[in-house]
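Descriptive analysis of the structure
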Amino acid sequence: RSYLKGEEAYGLLGREPAAGETVADLGAAPGGWSYSAARRGALVSAVDNGPLKGGGLHPGIEHRAEDAFKFIPAAPVDWLFCDMVEDPDRIIALTERWLAEGWCRRLIVNLKFGRRDPLRLLEEAGALRRRCATLKARHLFHDREEITLAGEV
């Protein structure tokens, strides 16, 4: 299901990772989003303390067994992916940091709303718009209780 969410999210931006582009996938395990990019020829840093499985073992994926909240890329990346089961406020703050530091050019981020009001969460995530030329939010077909954000700087 995670792989399918990534595939669907590319449509929000009208583009997908390309050969030679770089991706940081925060909270990557088991590796569905990482595989989605790597199979297109992108170079992926899959950041998660948990193990990668299946497609996550693709040769274009470098597993970084690190805390995704503390990870700092050596150079800016073309894509930031983030699909962590985590408080959405922490994910918004993490995404804001990546944008403020200039660490990514594009992003696909999921916010798990669970018991939170999804409309209020969208308002909070709207603060990211000031750093993005394009920011779209959707509840994708393969999303459960989550909202997918896709943006470009």
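Parameters at a glance
- Residues numbered from 1 in each chain as written.
- Predicted model: local features only at pLDDT ≥ 70, side-chain atom pairs only at ≥ 80, totals over all residues.
- Heavy atoms only, no water.
- Core = buried A, V, L, I, M, F, W, Y, C linked by side-chain atoms within 4.5 Å.
- Buried < 20%, exposed > 50% of the residue type's maximum accessible area, 1.4 Å probe, protein only.
- Helix = DSSP H or I, 4+ residues; strand = E, 2+ residues; numbered from the N terminus.
- Contact = heavy atoms within 4.5 Å.
- 1 Å grid on protein atoms, 1.4 Å probe; cavity = no way out; pocket = protein on both sides within 12 Å on 5 of 7 lines; lining within 4 Å.
- Points joined across faces, edges and corners; volume = space filled by probe spheres on them.
- Nonpolar A, V, L, I, M, F, W, Y, C, P; charged D, E, K, R; others polar.
- Polar contact = N/O pair within 3.5 Å; in protein donor to acceptor, adjacent residues only side chain to side chain.
- Salt bridge = Lys/Arg side-chain N within 4 Å of Asp/Glu carboxyl O.
- Expected span 1.5 Å × (residues − 1).
- Pairing = 2+ DSSP bridges.
- Axes fitted to C-alpha atoms, helices over the stretch in contact; angles between N-to-C directions.

Looking now at the nonpolar core. Of all hydrophobic cores here, the largest spans 28 residues; its most connected members are Leu26, Met84, Trp98, Leu107, Leu111 and Leu149. Among the secondary structure elements, those contributing two or more residues to this core are strand E1 (22–26), strand E4 (77–82), helix H3 (88–101), strand E5 (104–112), helix H4 (118–125) and strand E7 (146–152). Top contributing element to this core by residue count: H3, with 5 residues. If near-sequence neighbours (up to four positions away) are discounted, leucine 26 is found in contact with Val47, Ala68, Phe71, Leu80, Phe81, Cys82, Asp83, Met84, Leu94 and Trp98. By size, the runner-up hydrophobic cluster in this structure holds 18 residues, among which are Val23, Ala28, Ala46 and Trp79.

Here we come to unusual backbone geometry. Both trends apply: most residues other than glycine have a negative phi, and most peptide bonds are in trans. In the segment running from alanine 29 into proline 30, the intervening peptide bond is cis, with an omega of 5 degrees. Tracing the chain through its elements places proline 30 in the loop between E1 and helix H2 (32–38).

Attention shifts here to the layout of surface pockets. Each pocket or cavity is described by its volume, and for the largest pocket that value is around 320 Å³. Taken together, 21 residues make up the lining of the largest pocket; nearest its centre are Gly27, Ala29, Asp48, Asp83 and Met84. The residue inventory of the lining of the largest pocket, partitioned by class, reads 9 nonpolar, 3 polar and 9 charged.

The next point concerns the side chain of lysine 112. Structurally, the position occupied by lysine 112 is in strand E5. Judged by relative accessible area, which is 17%, lysine 112 ranks as buried. Among the polar contacts listed, one links the side chain of lysine 112 to the side chain of aspartate 83, at a separation of 2.6 Å. Separated by 2.5 Å, the side chains of lysine 112 and glutamate 146 make a polar contact. Discounting chain neighbours no more than four positions away, the residues touching lysine 112 are Lys5, Asp83, Met84, Val85, Glu86, Pro88, Glu145 and Glu146.

Turning next to the pattern of salt bridges. Taken as a whole, this structure holds 18 salt bridges when the rule is applied. The partner of glutamate 21 in a salt bridge is arginine 15, with the nearest N and O atoms 3.4 Å apart. Since its relative accessible area comes to 27%, arginine 15 is described here as partly exposed. One salt bridge connects glutamate 124 with arginine 116, and the closest N-O pair in it is separated by 2.9 Å. Overall, arginine 116 belongs to the partly exposed group, its relative accessible area being 27%. It is possible to trace a salt-bridge network through shared partners that takes in Lys5, Asp83, Lys112 and Glu146.

We now examine H3. With 14 residues, H3 extends 20 Å from end C-alpha to end C-alpha; this agrees with the ideal 20 Å at 1.5 Å per step. Buried-residue contacts for H3 involve E1, E4, E5 and H4. The distance from a side-chain oxygen at the start of H3 to the backbone nitrogen of aspartate 89 is 2.7 Å, and the residue carrying that oxygen is aspartate 87. Phi turns positive, to about 70 degrees, at glycine 102, one or two residues after H3.

Okay, the sheet that holds strand E3 (residues 61–64) next. With respect to topology, 7 strands assemble into an open sheet ordered E3-E2-E1-E4-E5-E7-E6, the strand pairing being mixed. Lying at the two open borders of the sheet, with one neighbouring strand each, are E3 and strand E6 (134–138). Sheet twist, expressed as the average angle between the axes of neighbouring strands with direction ignored, equals 15 degrees. Strand direction decides the pairing type here: strand E2 (residues 43–47) and E3, joined by 4 bridges, are parallel. Opposite valine 47, over in E3, you have arginine 64 as the bridge partner. Packing of helix H1 (residues 2–13) onto the sheet brings it into contact with E4, E5, E6 and E7, and relative to E7 it is tilted by some 45 degrees. Lying over the sheet, H3 contacts E1, E4 and E5, oriented at roughly 175 degrees with respect to E5.

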